Amino acid sequence: MTIVIVGGGAIGLLLLSRLAQASNGQPVALLTRPNGAAALQATPLQVSGIGACSLTGLTVAGAVADLPAAFQQPALAILCVKGYDTNGAIATLRDLNPGSILTLQNGLGNEEALAQAFGADRIIAGAITTSVDATGPTTITVTKAGGIGLAPVGGTSNLTLAETALSNAGFTVQRYHDYRAMKWSKALLNMLGNATAAILDWSVAQVYADRRLVALERTAVREALAVMQRMGIRPVNLPRYPAALLAFGIRWLPPIILDPILRQRVAGGRGGKDPSLLRDLRAGRSRSEGEFLYGAVAAAATAHGLQTPVNAGLWQVLGGIVRGDLRWDDYRGQPERLLAACGMAK
């Protein structure tokens, strides 16, 4: 039973390292961009931090046709690309033709796109809470242990192979019956301290030192929770991340109690690591996963007759900067402008 990981970013490399070392000798290959494949073929995969190791002799390819025959039509493909690369990955997955597809992507809407292309019964939703950073094409650093949540998208989605393989690779795995609850709960965590820091070009600690911006962050999550409630989705705790408890606190606790908790959990828990949306802006990428977080929340709100001005404002500004419609310099270090764009200026 073979597994092919699609996407050679931080999460893809983490999975490759863990599955390649699994005690059951799970056959695993990585399908990534040609330059990434060439780097891994020439240089060992180096993992530092939790689970530090150096791995050679890995099966890596830059195209489906270059995979060994044993990995053609694998039992499971694990999709680890950015949300804005999902449509492009669908063609690759069609060529690969796996039995099942597990998506470990951040954001909302990926499961639905994959289900439309392949049928819901072949799709498994996943949420990973391990904190890992790619420091180079062949190097990653694991900074915080987490786990993986799995949920069926279709009525007959088979989770057994994925659950067994990931458990044997040392991950804490938990099943959920409602994939939407799992994915929306993960999105709440991904939203905290992400777009605000990216737009302002600030660290998360700087953002959470400003009470006005903490109020902005609280409001963004409360808007998302209102959309979830309208859709009949309840927050759930994720492996080693109490997302439901955090959602309860953001909804009900007064700021004088909640804000110190948020500073500790969100700002203090990052270990100085910049949020993903900020790193993408600094890298000059022309797409942003904010589309699948704040943009997706705003779109779902509109579809259900709600308004989410903070989420809509955050995505309007972030998306405008990414597309080049807005000047990033006009928002860097300018919290008043961001608050005004989100309707929270005073």
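The rules behind these values
Residue positions are given per chain, counting from 1 as you read along its sequence in written order. At least 70 in pLDDT is required for a residue's local features to be given in this predicted model, at least 80 for side-chain atom pairs to be given and counted, and no such filter applies to totals for whole chains, interfaces and linings, which use all residues. To obtain the side-chain values, all non-hydrogen atoms of the structure were used and water was disregarded. Numbering of helices and strands starts at the N terminus; helices are DSSP runs of H or I of at least 4 residues and strands are runs of E of at least 2. A radius of gyration in this sense is built from C-alpha atoms; the matching globule rule multiplies 2.2 Å by the number of residues raised to 0.38. Each residue is assigned to one of three classes by its accessible area relative to the maximum for its type, calculated with a 1.4 Å probe on protein chains only: buried under 20%, partly exposed between the two thresholds, exposed over 50%. Note on definitions: a residue-residue contact is assigned when non-hydrogen atoms from the two residues lie within 4.5 Å. Here the accessible surface of atoms and residues is derived via Shrake-Rupley with a 1.4 Å probe, and residues count as covered only by protein chains that are part of the display. Within this scheme the basic residues Lys and Arg register as positive and the acidic residues Asp and Glu register as negative, but His and the chain ends are omitted. Here the site of a charge means NZ on Lys, CZ on Arg, CG on Asp, or CD on Glu. A patch consists of residues whose relative accessible area exceeds 30% and which take part in no salt bridge; residues with like charges are grouped when within 9 Å of each other, and nonpolar side chains (Val, Leu, Ile, Met, Phe, Trp, Tyr) when within 5 Å. Salt bridges are counted wherever a side-chain nitrogen of Lys or Arg sits within 4 Å of a carboxyl oxygen of Asp or Glu. Only Phe, Tyr and Trp rings are paired, with Trp represented by its six-membered ring, and only when their centres lie within 6.5 Å; those with planes under 30 degrees apart are stacked, over 60 edge-to-face, the remainder tilted. Over a ring means this: the NZ of a Lys or the CZ of an Arg is within 6 Å of the ring centre and within 35 degrees of the ring normal. At least two bridges found by DSSP between two strands is the condition for calling them paired. In this analysis, axes come from line fits to C-alpha atoms, helices being fitted only over the stretch in contact, and the angle between any two N-to-C directions falls in the range 0 to 180 degrees. Note that the arc is defined by the directions from the helix axis to the C-beta atoms.

1. Some details on the overall build of the protein
Then step 1. A tally of regular secondary structure across the protein gives 15 helices and 12 strands.
Then step 2. Its C-alpha atoms give the protein a radius of gyration of 20 Å, near enough to 20 Å, the size a compact globule of 346 residues would have.
Then step 3. Each principal axis of the C-alpha distribution contributes one length, and for the protein these read about 65 × 40 × 35 Å.
Then step 4. Classification of the 346 residues of the protein by burial places 52% in the buried group.
Then step 5. Partitioning the intrachain contacts of the protein with sequence separation of at least 6 by distance along the chain shows that 71% fall at a separation of at least 24.
Then step 6. Surface accessibility of the protein: about 14500 Å² in total, with carbon and sulfur atoms responsible for 51%.
Then step 7. Across the protein, the mean location of the 31 positive side-chain charges is 6 Å away from that of the 22 negative side-chain charges.

2. A few points about a nonpolar patch on the surface
Then step 1. Among the surface-exposed residues, Ile 256, Ile 257 and Ile 261 lie close enough to one another that they form a single nonpolar patch of about 290 Å² accessible area.
Then step 2. Overall, Ile 257 belongs to the partly exposed group, its relative accessible area being 43%.

3. Considerations on the packing of aromatic side chains
Then step 1. Under the defined criterion, the tally for this structure stands at zero aromatic pairs.
Then step 2. Note that Arg 94 overlies the ring of Phe 118, its terminal NZ or CZ placed 5.7 Å from the centroid.
Then step 3. Sitting over the ring of Tyr 331, Arg 337 keeps its end group 5.0 Å from the ring centre.

4. A closer look at the sheet that holds strand S10 (residues 139-144)
Then step 1. Strand order in the open sheet made by the four strands is S4-S3-S10-S9, with mixed pairing throughout. At either end of the open sheet lies a strand with only one pairing partner, and these are strand S4 (53-55) and strand S9 (131-136). Each neighbouring strand pair of the sheet contributes to a mean axis angle of 20°, computed without reference to strand direction.
Then step 2. Pairing between S9 and S10: five bridges, direction antiparallel. Bridge pairing in S10 places Ser 131 opposite Lys 144.
Then step 3. Lying over the sheet, helix H1 (residues 10-20) contacts strand S3 (45-49), S4, S9 and S10, oriented at roughly 100° with respect to S9.

5. What about helix H3 (residues 86-96)?
Then step 1. Where H3 is concerned, the buried positions are Thr 86, Ala 89, Ile 90, Leu 93 and Leu 96. All buried residues of H3 project into a common sector of 120° when viewed along the axis, lining one side. Those residues of H3 that are exposed and angled more than 90 degrees off the buried face are Asn 87, Gly 88 and Asp 95.

6. A short note on the sheet that holds strand S5 (residues 59-61)
Then step 1. Read from one edge to the other, the open sheet built from eight strands follows the order S5-S2-S1-S6-S7-S8-S11-S12, with strand pairing classed as mixed. With partners counted over all chains shown, the strands left at the sheet margins are S5 and strand S12 (172-175), one partner each. This sheet shows a mean twist of 25° between the axes of neighbouring strands, independent of strand direction.
Then step 2. With four bridges connecting them, strand S1 (residues 3-6) and strand S6 (residues 76-79) associate as parallel partners.

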